[in-house]
Structure formats: structure tokens, C-alpha cells
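Next come the chains, spelled out residue by residue.
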Protein chains: 2
Amino acid sequence: MLSDSVVEGPLPNSREVAEFRRLWDEIAPIGRDPGTGGYLRYGYTEPVRRLEEWFAATATGDGAHTVEPDGNGNLIAWYGPRPGPAERAGDAVLLGSHLDSVPYGGGYDGPLGVVSALLAVRALRRAGRTFRRPVGVVAFAEEEGSRFGVPCLGSRLLTGALDPQQAAALTDRAGMTLAEALGGTPAGARPDLLARIGVFVELHVEQGRALVDLGAPVGVASGIWPHGRWRLDFTGEANHAGTTRMADRRDPILTYAFTVLAANKEARQRGAHATIGRVEVEPNATNAVPARVRGWLDARAADVETLDALVEAVRAKAAERAARDGTTVAVTRESLTPSVTFDGGLIAAARRLHADGVPVLPTAAGHDAGILAAHLPTAMLFVRNPTGVSHSPAESATDEDCAAGVRHLAALLDDLAGR
Amino acid sequence: MLSDSVVEGPLPNSREVAEFRRLWDEIAPIGRDPGTGGYLRYGYTEPVRRLEEWFAATATGDGAHTVEPDGNGNLIAWYGPRPGPAERAGDAVLLGSHLDSVPYGGGYDGPLGVVSALLAVRALRRAGRTFRRPVGVVAFAEEEGSRFGVPCLGSRLLTGALDPQQAAALTDRAGMTLAEALGGTPAGARPDLLARIGVFVELHVEQGRALVDLGAPVGVASGIWPHGRWRLDFTGEANHAGTTRMADRRDPILTYAFTVLAANKEARQRGAHATIGRVEVEPNATNAVPARVRGWLDARAADVETLDALVEAVRAKAAERAARDGTTVAVTRESLTPSVTFDGGLIAAARRLHADGVPVLPTAAGHDAGILAAHLPTAMLFVRNPTGVSHSPAESATDEDCAAGVRHLAALLDDLAGR
């Protein structure tokens, strides 16, 4: 373990901070909206392709012998011993995260984990370490689900959690299918590739303020709250907004609005999270009572029972109001990710990386690590976020905390694969 | 007056009904969405251009000597005495309506008035009448405001109610300006053209159920409720929908939803109409607390005092809730049309068209007739709508009622201009 040079001591040194900043600046302009400063890095689009080219070039420059696409849009750079007859099943250590963003999102959610993994490998190389096991750095595709509606699209395909034929037919808002965006049907499950991997560690910017409250630059995740997405289809009757008597209306925007407020209240009462932050209206004209309103419920809770009760309460409130409004509501589950508990051995190893111990926290966000956790020992590290804001241009982390994250990741990598 | 052949008698004859259907069928496919059956006839687009070509050809075939564009997108077909030194100012009789639709709207709102005007002229010609005054049939542009956001765009430009330079810079949702759509800056006010017109009559499908309740196929309008559009800009803070504690959020969709329900309640309490049937959300992603929500309030009431009180109450409720949500709301008036009272002489003349009297009703919808009423004697006829539904593919009128509308319009035209 590189404890002396990589993790111990109060702060990363100025060279490490400068090195983080230098690599970070290389990708900062890619896909950034000049007006808001937010990122438009949707899966399988030009900005992500540019990030992937940068990723491959950087990894190769740091000694990666192979940059392997998995046929699903995920990309793995391999270092250390080459796969071959000598490689044992489950021998490889995988680090990484994703490169895509939510619409007008921050720059840290995803790319920080990829950049930190590249820098962790680089730090070990510079320290003269070699790898006794194969080491991969992965850039997962479309983790946010902002383009095709399915979060963790790349890791779900890789692990077989999503059927490639079904995925191929997913469409973005412009009507383009995933197959068209990818240039063919995705490869789907890759048990051959998964079998080579023994452990996965994802570093991620924290998306809350727990580390701020704890005064710690880096934390380790205990697990992920169960969470899912439900589509809410409200149907009424299109009509003239000027002439239709209020009593004669069947206005689905009323049912939608009531449901938005009910979801918020039900979540607060349960210590859970519920959001209806996406909506589509037909015909969406100022002088028309809408025919249809579609909303999406994002719901998360500490356990499955609470989550189920929350969604059921929202459904019941929506149906009750629909009866009053003369509308209907249909609730369709689009995705559900059960609770994830990360690997106890990895959590313990990560906690030991700092003399004072590294704090352990749960998270309510889905991550590719949550998908991989069903298949292999998995852990996550979090880097402090001063505002706690994420999925927004206001998302941030200091260069010092990011460099501290790299130190922790490098130490864990050294622990797992160094020699 | 053509009372014997055109209006008296219980029903239009089968030839008149068939003639209406024949002309109606010519335009029925133009701009119709095959999926919903609704119309996508936005101002200054290809479907409207096709309707205008059909309009010009039909009018010319029925003896129009001139089809005159006014430089604002409005089109007038002229019959009878040609303008010239002999024409007295304010001599012409103008009939007509608009050709554009709301998104996925019905086919009757607008085109029924144009088709009925064409058929009224044709009926008089066939009856051997000639015109002692110039007679025009007008097709107004972009009455619904569905493309550039300003209702009655064509008639506002013609009458000088809208500055042509300001109008030129209006943009549609794709970012195209009106000047680009029109091929140049609109001509704006045409006092020369207005001075030639002595009276305007617009026939329109009813957008409510008053004539159903009265058992009458045709009615005459007393006036138009004051009405307007207000833009509501709700601003919060974009954040991760999964990880942000409910207490840490500043979610503008909550303020929006509360305002939707408040507007409905405030309107009901005042016997007024309020609708927030159009919304835009940023970033509009399932897993993001929105940064911004924009809604549009359509409000209408029997008098200006009630309308002002309604909008003020909605504004106050929105601001109160914004303070609770940690968001802000800004209310911007986009348009306001004061009360319109139609011409007493014309209303009396229209009432006398049927032996039992033609019922008189107010309307809460804006119309080009409401814009022209500020400049010249104006009236409106309504044709019964069995469901009362408008701005929807379910909007309808029977062929018999439409042919009855043509009879009434023809009789009024004969009264005003026949010889």
C-alpha cells in the first residue's frame, strides 16, 4: 500500500492539485453550453465521442495497452498484465464512472470518476509501481438516461439487465433509435468480459452535503437507496381555454398539478425523496385546455417498503383527484433499482485509507456501481461537494478535494493491484 | 333581402347541405395530423399556404375580380363593384374569418367562417343578385397565435394594433422570425384599406354549448369578454432529484403546480375562466429538480374589473407559495384585449333573419372581429357545436347547421349589399 506517498498527510501536495487541474481543463470546454455553463453531454452524441477520443488518447499515453469497446458504448482502457491464458478469471481491477451528463448538468457528475481513475493509474506508474493484476479504467455510456430514458444504460446492457433488442428500439426525443445512435444493435450481456473483472470501484462527486457536515474531503458509500421512475399519463379532453365553462372541463393539468404537490408531501412525510421534474403537455398551447399531460415521478427511499408505500400513496392521490377532475391517470413503472449494499471488504479497506478513518454514507442516487454490485464486489468513493448541488451548473468540488479523491483511489488501487 | 329563398323555412335544403359538404371536403385533408385527426395549420406555414391557394382559386371561380394580399399575411377576395374613384369610403362589406388552427385543433374554428362567406357570395350569385357595394371575403393570418404567440396577429397588424417592426422580430418555437416566415417586414397598419370597408361580419363555430341549450342552429354575438395572456416565470435551483434532501430544495415545479390549482379556484369563484395549459420546464429531466418553469395564464371574465381581480389573486397566491418554496415568480402580461361590444344595428339586423328571432350570446373567445370592432361596425354569427368542444379534434358542427349558417350569412349579406 502506498500509504506514505499517496494518502497519509493532511492534504494532497500542490503538484497533485495542479495535475488534477491540468487534466480537468482538457475536458472542461467539451459539450459546455456557453449561456448557462451547464453541460449537454448526452450519450452517443458528438461531445461524448470527443470525450471518448480524449479518454483513449490519455490512457494510451499513460501506458494502457488496449482500449476496448464492449459493443454497448462502454469503453475500457486496460493496463498491466494482458489478458491471456495466464490471466485468472476475476483477476482484473476496474475503476471508472461515466462521461455523459443530464441536460445542463454539472461537469463533475461522472467525468470526475473517470479522470480520477486515469490519475490514480498515473500516480502509481510515477511511484514506480507495477500491476500484479490487470487494471481497467471504464467510461460507461448514458448513465444519466437523459437521452434514451433508461438510467445506467451502458452498465445495464453490459451486465444483461437490459435486453439489447429492446434497448435498440429505444428512441430519443428526436425519434432516433439507440441502434441508429450506436450504429447497430448493442452487444448486450458480456459474461466473457465480466468474468475477467474481480472488483469495481467508482469515485463520484457527492450529490448532497453529508461530507460538508462531516468536514471530510472523501467518503465511502455503504449502499444505494432503492429507487425508480414511474410515468404518469393524465388524460382529459382538449378544449378551448376561453369559452369552455369551468364546470364543463376535463383538464388533466389540474390532476397533474395536484399530483406534483401530493408527491412532495408524501415524500416529506416518509423521509423519502420524490420529484416530478419532467412534464410534456399536448397540445401545450396557451389558449387550449390540454388533452394529455405526461409527468415522470422519480422516487427514492431508504428501503423498498417505504418506496412502495410512497409510490402507492402518490398513485392513490392522483386517482382520487382524477375522479374529481373528470380525467384519468395511468401509472407505468419505467425502471426500478432495488437496494444496493456495497462490498464489506472493500468498504473496510477504503475506511483504512486515512488515519482518522474515512466516513461511510448511504446515497440516494443510482450509479453504474449499483448495477455492477449485483455481479461482483463493488465500492464507491465520494468527493465533497461544497454546495451539495448536483445536476446543475452550480455542482462543484475544489481541486484540493478532487486531488484528495485521486490519492484515496490510488491507494485503494495499490492495495488491490500494486506491486 | 333573400328571406324567402335563403333563411325562412325550417332547414336548408339538401342541395345547400351537399354544396357545403363538397366545399368542406376540398380542405378537410390539408394540414390534418393522421394520428389524432387534429389540424396543424400554423400561420405562414405550408398547410396555410395551400389553403390560401385553394381560397384564391375558389373565390376567382365564383367571380372575384381581385385577390388582394394586405402585406401582413391577410388575403381578401373582392367581388362586385371595383374600387375606384366611384367607390365611396367605407362602402365595402367584408365577411370572413381565419384559416390557421391551434396545435391539433378542430377543423371548424376559423375555416368555417371563410367557407361560409365564400358560399354566401355563391348563393347570392346563383339567386341572380348583384352587389351594389364592393364585397370582400377575408382570410386572416395567425388568429390563434399558436406560432408567434400573439393572437389575432393578422388583424392586429392590419389595424395598427401591433407595430410591424416588433411583429417582424417575433419568433416561433424553432427560432424563425415572423419576417423570415413572411419573407419581409409586415406592412402593418393599412388605413387606406380599412377606410374602404364599411362593415365586417365573421361567422364562427360556437365554442361552447349555449346554442345546444337554446335548440338553435345559429346565434349572433353580443360581445367578447375582456381577456389576456400572462407569462409566469418560476425560478428555483436545479438539483439532483435523488440526493437532494426535500428540505434543501428550491423546486419551481411546486410553485407552478400550486399556481395552476389556485388559478382554477380563483376563476371558479368569480364565474370567470382561467387556464394554465402551456408549460416549459428546464432542464425537464426525470432525475433533476428543475431550475426554471414557465407557464402561461389565459384569463377571461365578463368585465375588466373581474379580470383584473382574478389575475391579481393568481399573482398573489403564486408569490405567497414562492416564498414558501424558496423560489421566485415573475408575471408578465403578454396581451390584453378589452371588452368588445358588437354593432347594435348589425345585431338587430341579424336577429331579424329568422322568424323566431336569432338568439344573442356573449363569447369569451377572442376573434379577429373583436380587433376590427374598434375600427368599424362589426358582428359575429355562431353556428351550433353539438359537443361544445373546440380547440380539439372533437370540435364539430353538422352539415345542416353549417348550411343554415351560410343561409343566415347570405341573407345578411343580401341585406347589406344585395340588389
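Residues numbered from 1 in each chain as written. Chains lettered and ligands numbered in written order. Predicted model: local features only at pLDDT ≥ 70, side-chain atom pairs only at ≥ 80, totals over all residues. Heavy atoms only, no water.

## Side note on the relation of the copies chain A and chain B
Step number 1: Overlaying chain A on chain B yields an RMSD of 0.1 Å, the required transformation being a rotation through 179° with an accompanying axial translation of 0.0 Å. The transformation relating the two chain copies, once decomposed into turn and shift, fits a two-fold axis. Proximity to the rotation axis, assessed at the C-alpha, singles out A:A257 in chain A; its C-alpha lies 2.2 Å from the axis. (Least-squares fit on C-alpha atoms with pLDDT ≥ 70 in both.)

## Overview of the packing of helix α2 (residues 14-27) of chain B against helix α4 (residues 111-126) of chain B
A pair of packed helices can be characterised by two numbers: the angle between their axes and the separation between those axes.
All names here are of chain B.
Step number 1: At their nearest, the axes of α2 and α4 sit 11 Å apart, and the two run at 135° to each other. On the basis of their axis angle, the class for α2 and α4 is oblique. Where α2 crosses over α4, the handedness of that crossing is right-handed. On the side of α2, the interface is formed by R15, E19, F20, L23, W24 and I27, while α4 contributes P111, L112, V115, L118, L119, R122 and R126.
Step number 2: In terms of residue class, the contact of α2 with α4 is made up of nine nonpolar, no polar and four charged. (Axes fitted to C-alpha atoms, helices over the stretch in contact; angles between N-to-C directions. Helix = DSSP H or I, 4+ residues; strand = E, 2+ residues; numbered from the N terminus. Parallel < 35°, antiparallel > 145°, perpendicular 65-115°, else oblique. Left-handed = near helix turned anticlockwise from the far one by under 90°. Contact = heavy atoms within 4.5 Å. Nonpolar A, V, L, I, M, F, W, Y, C, P; charged D, E, K, R; others polar.)

## Considerations on the sheet that holds strand β12 (residues 328-337) of chain B
All names here are of chain B.
Step number 1: Taken together, four strands build an open sheet; the order of strands is β9-β11-β7-β12 and the sheet is antiparallel. With one partner strand each, in any of the chains shown, β9 (273-282) and β12 form the two edges of the open sheet. Pairwise comparison of adjacent strand axes, ignoring direction, gives a mean angle of 20° for this sheet.
Step number 2: Where strand β7 (residues 227-235) lies against β12, nine bridges are found, and the strand directions are antiparallel. Bridging across to β12, D233 finds its partner in A330.
Step number 3: Where helix α10 (residues 252-270) meets the sheet, it contacts β7, β9 and β11 (292-300), and its direction lies at approximately 170° from that of β9. (Pairing = 2+ DSSP bridges.)

## Remarks on the sheet that holds strand β11 (residues 292-300) of chain A
To summarise the sheet geometry, strands pair through backbone hydrogen bonds and adopt either a parallel or an antiparallel arrangement.
Residue and element names in this part refer to chain A.
Step number 1: Across the sheet, four strands lie side by side as β9-β11-β7-β12; this open sheet has antiparallel pairing. Pairing within the sheet leaves two strands with one partner each, and these edge strands are β9 (273-282) and β12 (328-337). Averaged over neighbouring strand pairs, the angle between their axes works out to 20° when direction is ignored.
Step number 2: Bridging between β9 and β11 involves eight bridges; their strand directions are antiparallel. Within β11, the position partnered with V279 by the bridge is G295.
Step number 3: The sheet strands contacting helix α10 (residues 252-270) are β7 (227-235), β9 and β11, and the helix crosses β9 at an angle near 170°.

## Things to note about the interface of chain A and chain B
Step number 1: Facing the 64 residues of chain A at the interface are 64 residues of chain B.
Step number 2: Buried area between chain A and chain B, both sides added, is near 5,300 Å², and the carbon and sulfur share of it is 56%.
Step number 3: With a closest N to O distance of 3.3 Å, A:D248 and B:R209 form a salt bridge.
Step number 4: If you look at where chain A meets chain B, you find 24 residue pairs in polar contact (both at pLDDT 80 or more).
Step number 5: The class makeup of the residues in the side of chain A that touches chain B is 29 nonpolar, 19 polar and 16 charged. (Buried area = accessible area lost by both parts, 1.4 Å probe. Salt bridge = Lys/Arg side-chain N within 4 Å of Asp/Glu carboxyl O. Polar contact = N/O pair within 3.5 Å; in protein donor to acceptor, adjacent residues only side chain to side chain.)

## What to know about the domain arrangement of chain A
Residues and elements named next belong to chain A.
Step number 1: Split into domains, chain A comes out as domain 1 (14-225 + 339-417) and domain 2 (227-337).
Step number 2: Distance between the C-alpha centres of domain 1 and domain 2: 34 Å.
Step number 3: Taken together, the twelve residues of domain 1 in the interface contact twelve residues of domain 2.
Step number 4: Roughly 1,000 Å² is buried in total at the junction of domain 1 and domain 2, and carbon and sulfur atoms are behind 48% of that figure.
Step number 5: When residues of domain 1 are sorted by the area they lose upon contact with domain 2, W225, S339 and A364 head the list and together hold 51% of the total.
Step number 6: At the boundary of domain 1 with domain 2, the tally comes to zero salt bridges.
Step number 7: Along the contact surface separating domain 1 from domain 2 lie five residue pairs in polar contact (both at pLDDT 80 or more). (Domains from an automatic or database assignment.)

## A short note on the environment of B:A322
Residues and elements named next belong to chain B.
Step number 1: Mapped onto the fold, A322 is located in helix α11 (residues 304-325).
Step number 2: Along the sequence, A322 and V199 sit 123 residues apart, while their C-alpha atoms lie 49 Å from each other.
Step number 3: In this structure A322 touches T255, T327, T328 and V329, once residues within four positions along its chain are discounted.

## Considering the confidence of the model for chain A
All names here are of chain A.
Step number 1: Here chain A shows a mean pLDDT of 93. Residues at 70 or above account for 96%.
Step number 2: Predicted confidence is poor over residues 1-8, with pLDDT under 50, and the contacts of this stretch with residues over four places away or in other chains come to 26 contacts.
Step number 3: For this predicted complex, the interface score ipTM comes out at 0.77, alongside a pTM of 0.78. (pLDDT = per-residue confidence, 0-100.)

## Structural notes on the packing of aromatic side chains
All names here are of chain A.
Step number 1: Applying the stated criterion across every chain, the model contains ten aromatic pairs over all chains.
Step number 2: Aromatic side chains F20 and W24 sit 5.4 Å apart centroid to centroid with 20° between the ring planes, which places their arrangement in the stacked category. Here the residue F20 and the residue W24 both occupy positions in helix α2 (residues 14-27), the gap between them amounting to four residues, near one helical turn.
Step number 3: A relative accessible area of 7% places W24 in the buried class.
Step number 4: Taken together, a centroid distance of 4.8 Å and an interplanar angle of 25° make the contact between W24 and Y108 stacked. Within this pair, whereas W24 is found in helix α2, its partner Y108 is found in the loop between β3 (92-98) and α4 (111-126), the two being separated by 84 residues in sequence.
Step number 5: Assessed through its relative accessible area of 10%, Y108 is described here as buried.
Step number 6: Taken together, F20, W24 and Y108 form an aromatic cluster joined through their ring pairs.
Step number 7: Against the face of W296 rests R278, its NZ or CZ located 3.8 Å from the ring centre. (Phe/Tyr/Trp six-rings, centres within 6.5 Å; stacked < 30°, edge-to-face > 60°. Buried < 20%, exposed > 50% of the residue type's maximum accessible area, 1.4 Å probe, protein only. Lys NZ or Arg CZ within 6 Å of the ring centre and 35° of its normal.)

## Re helix α14 (residues 399-417) of chain A
Step number 1: Taking 1.5 Å per residue as the helical rise, α14(A) with its 19 residues ought to reach 27 Å, and the 26 Å between its terminal C-alpha atoms agrees with that figure.
Step number 2: With 17 of 19 residues buried, α14(A) lies mostly within the body of the structure. (Expected span 1.5 Å × (residues − 1).)

## A short note on the side chain of A:T244
Step number 1: Here A:T244 shows up in the loop between β8 (239-240) and α10.
Step number 2: Of note is the side chain of A:T244, whose polar atom sits 2.6 Å from the backbone oxygen of A:H240.
Step number 3: The residues touching A:T244, leaving out its near neighbours within four places in the chain, are A:N239, A:R249, B:Q207 and B:H273.

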